[in-house]
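# Structural overview for review
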There are 2 protein chains.
Amino acid sequence: MVDTALGFSYSGGVILSTGYPLFTSRLSCVLRRGKEFLLSQNDYSRVLLIVPEIKELLRERNREALRHLSRDYEPVEVAEIMDQFSLREKVLLFSLWDVDYAADVFEKISAEDRSQVLSAVDEQRRARILDELDPDDRADFFEGLPADTVKRFLSIMQHEEARDARQLLRYDPSTAGGRMTTEFAATAPSVNAKQTLTNLQKTAKNLETVYYVYVLNHQRRLLGVVSLRELIVANPKQRIRDIMHPNPVSIPVDMDQEAAAQEIAKYDFLALPVVDHQQTMQGIITVDDVIDVITEEDSEDMYKFGAAGEPARDYLSSNLFTMARNRITWLLILVATGLVTGFILQRFSFALESVVALTFYVPLLMGSAGNAGTQAAMVIVRGLATGEVHLGDVKPVLKKECLIGAALGIPLGLLGLFRALAVDRNPFLGMTVGLSMVLTIITATTLGAVLPLICRRLGIDPAVVSAPLITTVLDIASLLIYFRIAVFFLQLG
Amino acid sequence: MVDTALGFSYSGGVILSTGYPLFTSRLSCVLRRGKEFLLSQNDYSRVLLIVPEIKELLRERNREALRHLSRDYEPVEVAEIMDQFSLREKVLLFSLWDVDYAADVFEKISAEDRSQVLSAVDEQRRARILDELDPDDRADFFEGLPADTVKRFLSIMQHEEARDARQLLRYDPSTAGGRMTTEFAATAPSVNAKQTLTNLQKTAKNLETVYYVYVLNHQRRLLGVVSLRELIVANPKQRIRDIMHPNPVSIPVDMDQEAAAQEIAKYDFLALPVVDHQQTMQGIITVDDVIDVITEEDSEDMYKFGAAGEPARDYLSSNLFTMARNRITWLLILVATGLVTGFILQRFSFALESVVALTFYVPLLMGSAGNAGTQAAMVIVRGLATGEVHLGDVKPVLKKECLIGAALGIPLGLLGLFRALAVDRNPFLGMTVGLSMVLTIITATTLGAVLPLICRRLGIDPAVVSAPLITTVLDIASLLIYFRIAVFFLQLG
């Protein structure tokens, strides 16, 4: 297929004996991916193998051989083994590598490592690494530093890069502006395809993506977009204005990062332009940022759903008490709510005293209600996040969950009924348990589904309707239903 | 910054009066995005505005005006308004559009619509749309159809496209092979940069991405990769073998889609090559597939965590009983487990009868344990999914969660103690409640954290340790702890 579609001819057996730049260092056998250049779970251990060799090269200050790393290992792979080196070795590495490779690795190491390395390298290196970082990664890094450190860093950077950095720091980090990078390819509408391509060739090295060229007027308003693909197939003399897509999809600078990510994902674009309210181009958001945003937002939603607070930056290294504090807020709220169950039980203690067997079904009933409610809440919370369920769908959702509640509650109710008949031999107790089960499960599915919708309407993130929250609310609801029915059927009180 | 970096000069005010192809149809004012070409929540309603116009154009069979759609509206936007048209209108649209635009829209409409439209258009159109679909999207579509329909479709397709489709259908849809597309750009190592670019220009239209060109030997083994960016900045006469990155990162065809997605996300690549065990190139996975995979897998994890079964393809339109069946399996398992709590309560009914107040604290204790366990499980399940926590981390995780358990349990225990002293005025009950709370919370956090790790070790998806499951397990554990302590302190039994 490939061959035919492309019409390429392969020039035969010669190929395997080609002159790949021969490896001059002892690293050769280890550094080369050799035969098993397939990715696998052992990626990390494979990269680990080069650690001793690197350490030796560092002792010898063999800059040439170290550079070969950049040919054979991706920056992210080298970043993964950074914790194998002492601070002194790290500093040496970051001083010996080519500065663009150093910057690429720098972007992938932990925030802690970054601060350490940057304070330890000499000032000239520090400035060059800072200048070389992708503007969006640099803004993220600065975001986590004390203000005076950022100021010091900005003072040693090139004027233009520093201005860019300051501009990005002005935006809320969770908006499109906070996520975007300011380096993109631009052209004017009157330029022709060939000129644009030539300009692009000159600047390609500094850009995060060259695959879209944005067409701006002299006030930097966004007029259109042309892809590199279109540029290379176009007639070289054609003017950009005749090739470009006018009025391209763009993202306002203050749009929430989650919404921005959904837009890029929806359109399957590699990048989207970010504009201010005058439609002036400010930057671009690229698809790799989108993946990060989606992963972050999903983590956040899941943590919320587990009532576990904010996701920690890194589980194993984060502070114990920060994590405990993160979780205890919700636990206390839930305990406070949970105390209500104690009062309900106390209020109905006369019933429990006359029919002790009533107690045996309390955990079963509460548990089932909590579980059914958690399921329904989960489905709706996720549906709202992926855009499958909308705020306007309250009525069909309510109807659906009510019916599902019945479909789930009736078999579970029968189960409870049979257990009460078999074990306690009390038909009235059986009816109480069975009927309570059906009613609590219906309450559970409808409440579980409606609460996230209510939150969305109130402008609260629907994911706060967590499993623990819905469980606690349903504990109370199911106890009230249970005792009302018990008092009626067992003629108590 | 942009201007300077690129050194472009803008040719001034002329630009706004350029000759964008003038709109010939009455659609002009509505179809053009006009001033408000910013994306917003109103996207959908904006696109909705063109529905009546399209309907009229359809009545007039105005093919020319309909084509303008493809210039001003993205296929995904048009797909979103498809439900506004009758089947007859849909069929007309898919027959009148340029076939590549029709195929792009087709990829974005619902599975139901796709089958309907495809059976209703005439055979020639049907064949052309099928041929034009992206191979990976086509494979996904075929996956959901009855075998004889697929066979019928394959029989009308072009020989090569049909062969491709058959090949993709052989792979498990949740592997790299099932996700990849077979259309990619390839070249031989001995060709020079200029020739490669020329070949690329000829074939660009049929490829999903032109941004990476893969270098294959005559047996189609993967030797290297060169990006379009490198290709355009290279010396035109340089041979590919001297520009390419040798031994590129690649994905085995049978790798799980989640792992494959994580690889692409890790390396920030736009696509990764998929190879078989002989390192023969089979296809590519592109970054837009990665976004889909991550969203799908996160949905799956969340549904599991909510014990809600498999995510439905579409919440609102999916069958009630399928959804109920999806959820009831877990509910029944949990009820069966929940019945154990009944037996425990029965076993200790002597204690409940002598100190009725013991009952009041049961829901509080079980609830808090369930909540603390859910939090811990959530953190570890997500940590395992994002790769932040590894199987080897059992010991530090255990230690950490044990300490967090104590940090959470002690204040909650004190709260329980004070309530018992204040309301029930029974210091022994207070000690029972307080101590039970501390111990159950520690049990909860450690169990919540360890269970997902055990699942991972056993090769089970850790996400099955759902909020309902952990809650149910902890109901039992906390009751046992509570009654043991009660019997001791209150000297019962």
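Scoring rules and cut-offs
Residues numbered from 1 in each chain as written. Chains lettered and ligands numbered in written order. Predicted model: local features only at pLDDT ≥ 70, side-chain atom pairs only at ≥ 80, totals over all residues. Heavy atoms only, no water. Least-squares fit on C-alpha atoms with pLDDT ≥ 70 in both. Contact = heavy atoms within 4.5 Å. Pairing = 2+ DSSP bridges. Helix = DSSP H or I, 4+ residues; strand = E, 2+ residues; numbered from the N terminus. Buried < 20%, exposed > 50% of the residue type's maximum accessible area, 1.4 Å probe, protein only. Salt bridge = Lys/Arg side-chain N within 4 Å of Asp/Glu carboxyl O. Phe/Tyr/Trp six-rings, centres within 6.5 Å; stacked < 30°, edge-to-face > 60°. Expected span 1.5 Å × (residues − 1). Core = buried A, V, L, I, M, F, W, Y, C linked by side-chain atoms within 4.5 Å. Polar contact = N/O pair within 3.5 Å; in protein donor to acceptor, adjacent residues only side chain to side chain. Nonpolar A, V, L, I, M, F, W, Y, C, P; charged D, E, K, R; others polar.

### Examining the relation of the copies chain B and chain A
Overlaying chain B on chain A yields an RMSD of 0.1 Å, the required transformation being a rotation through 180° with an accompanying axial translation of 0.1 Å. Interpreted geometrically, this transformation is the action of a two-fold axis. With an isologous cut-off of 70% or more, the 99% of interface residues of chain B that recur at the interface of chain A puts this contact in the isologous class.

### With respect to the sheet that holds strand 4 (residues 245–246) of chain B
Residue and element names in this part refer to chain B. If you trace the four strands from one edge of the open sheet to the other, you get 1-2-3-4, paired in mixed fashion. This sheet does not close on itself; its edge strands, each paired only once, are strand 1 (185–187) and strand 4. Where strand 3 (residues 222–227) and strand 4 come together, two bridges link them in antiparallel fashion. Its bridge partner being in strand 4, Val225 is matched across the sheet by His245.

### Some details on the pairing of strand 7 (residues 281–286) of chain B
Residue and element names in this part refer to chain B. Among the six residues that make up strand 7, six are buried, leaving the element largely enclosed by the rest of the structure. Bridge count between strand 6 (residues 271–275) and strand 7: five bridges; the pairing is antiparallel. Across the sheet, residue Val275 finds its bridge partner in strand 7, namely Met281. Between strand 6 and strand 7, which pair antiparallel and follow one another directly, the connecting turn spans five residues, one of which, Gln279, has a positive phi of 65°.

### Notes on the pattern of salt bridges
Inspection of the entire model under this criterion finds 22 salt bridges over all chains. The salt bridge involving Lys266 of chain B is made with Glu80 of chain A; its shortest N-O contact spans 3.5 Å. Placement of Lys266 of chain B in helix 18 (residues 257–267) and of Glu80 of chain A in helix 6 (residues 75–80) is noted, with the two residues assigned to different chains. When the shortest N-O distance is used, the salt bridge between Lys55 of chain B and Glu89 of chain B registers 3.2 Å.

### Comments concerning the packing of aromatic side chains
Two aromatic rings, taken as a pair, are described by how far apart their centres are and by the angle between their planes. Residue and element names in this part refer to chain B. For the structure shown, the criterion picks out 31 aromatic pairs over all chains. Their ring planes at 90° and their centres at 6.2 Å tell us that Phe94 and Phe106 sit as a pair that is edge-to-face. With Phe94 in helix 7 (residues 87–96) and Phe106 in helix 8 (residues 99–106), this pair connects stretches of sequence that are twelve residues apart. Comparing Phe94 with Phe106, the two get one shared label, buried. Where Tyr212 meets Tyr214, the ring centres are 6.4 Å apart and the plane angle is 55°; that geometry is what we call tilted.

### Some details on helix 26 (residues 467–489) of chain B
Residue and element names in this part refer to chain B. The first and last C-alpha atoms of helix 26 sit 32 Å apart over 23 residues, in line with the 33 Å expected at 1.5 Å per residue. With 17 of its 23 residues buried, helix 26 lies for the most part within the structure. Just past helix 26, the residue Gln491 takes up positive phi, approximately 45°.

### Comments concerning the nonpolar core
Nonpolar side chains tend toward joint burial in soluble globular proteins. In this structure, Leu358, Tyr361 and Leu429 of chain A together with Leu358 and Tyr361 of chain B are the most contacted members of the largest nonpolar core, which totals 118 residues. With residues up to four places along the chain from it excluded, the contact list for Leu429 of chain A reads Ala357, Leu358, Tyr361, Ala420, Asp424 and Leu490 of chain A.

### Focus: the sheet that holds strand 5 (residues 251–252) of chain B
All names here are of chain B. Across the sheet, three strands lie side by side as 5-6-7; this open sheet has mixed pairing. Looking at strand neighbours, the two that pair on one side only are strand 5 and strand 7, the edges of this open sheet. Note that strand 5 and strand 6 share two bridges and pair parallel. Its bridge partner lying in strand 6, Ile251 is registered against Val274.

### A word on the environment of Gly387 of chain B
Its location among the elements puts Gly387 of chain B in the loop between helix 23 (362–386) and helix 24 (394–424). For the pair Gly387 of chain B and Tyr211 of chain B, spaced 176 residues apart in sequence, the C-alpha to C-alpha distance is 29 Å.

### A word on the interface of chain B and chain A
Across the boundary between the two partners, chain B contributes 163 residues, which contact 162 residues of chain A. Applying the counting rule to chain B against chain A returns six salt bridges. Here Arg327 of chain A ties to Glu401 of chain B by a salt bridge, and the two come within 2.8 Å at their closest N and O atoms. Taken together, the links from chain B to chain A amount to 20 residue pairs in polar contact (both at pLDDT 80 or more). With 18 residues, the top contributor of residues to the side of chain B that touches chain A is helix 20 (residues 320–347) of chain B. When the residues that make up the side of chain B that touches chain A are grouped by side-chain class, the tally is 89 nonpolar, 38 polar and 36 charged.

### Some thoughts on the pairing of strand 2 (residues 212–216) of chain A
Residue and element names in this part refer to chain A. Most of strand 2 sits inside the fold, with five of its five residues counted as buried. Residues Tyr212, Tyr214 and Leu216 point to one face of strand 2 and Val213 and Val215 to the other, with burial holding for every one of them. Inspection of the sheet shows strand 1 (residues 185–187) paired to strand 2 by three bridges, in the parallel sense. Note on strand 2: the bridge partner recorded for Ala185 is Val213. One ladder, built from five bridges, connects strand 2 with strand 3 (residues 222–227); its direction is antiparallel. In the strand pairing of strand 3, Val213 is matched with Val226. The hairpin turn running from strand 2 into strand 3, its antiparallel successor, is five residues long, and Arg220 in that turn takes a positive phi close to 65°.

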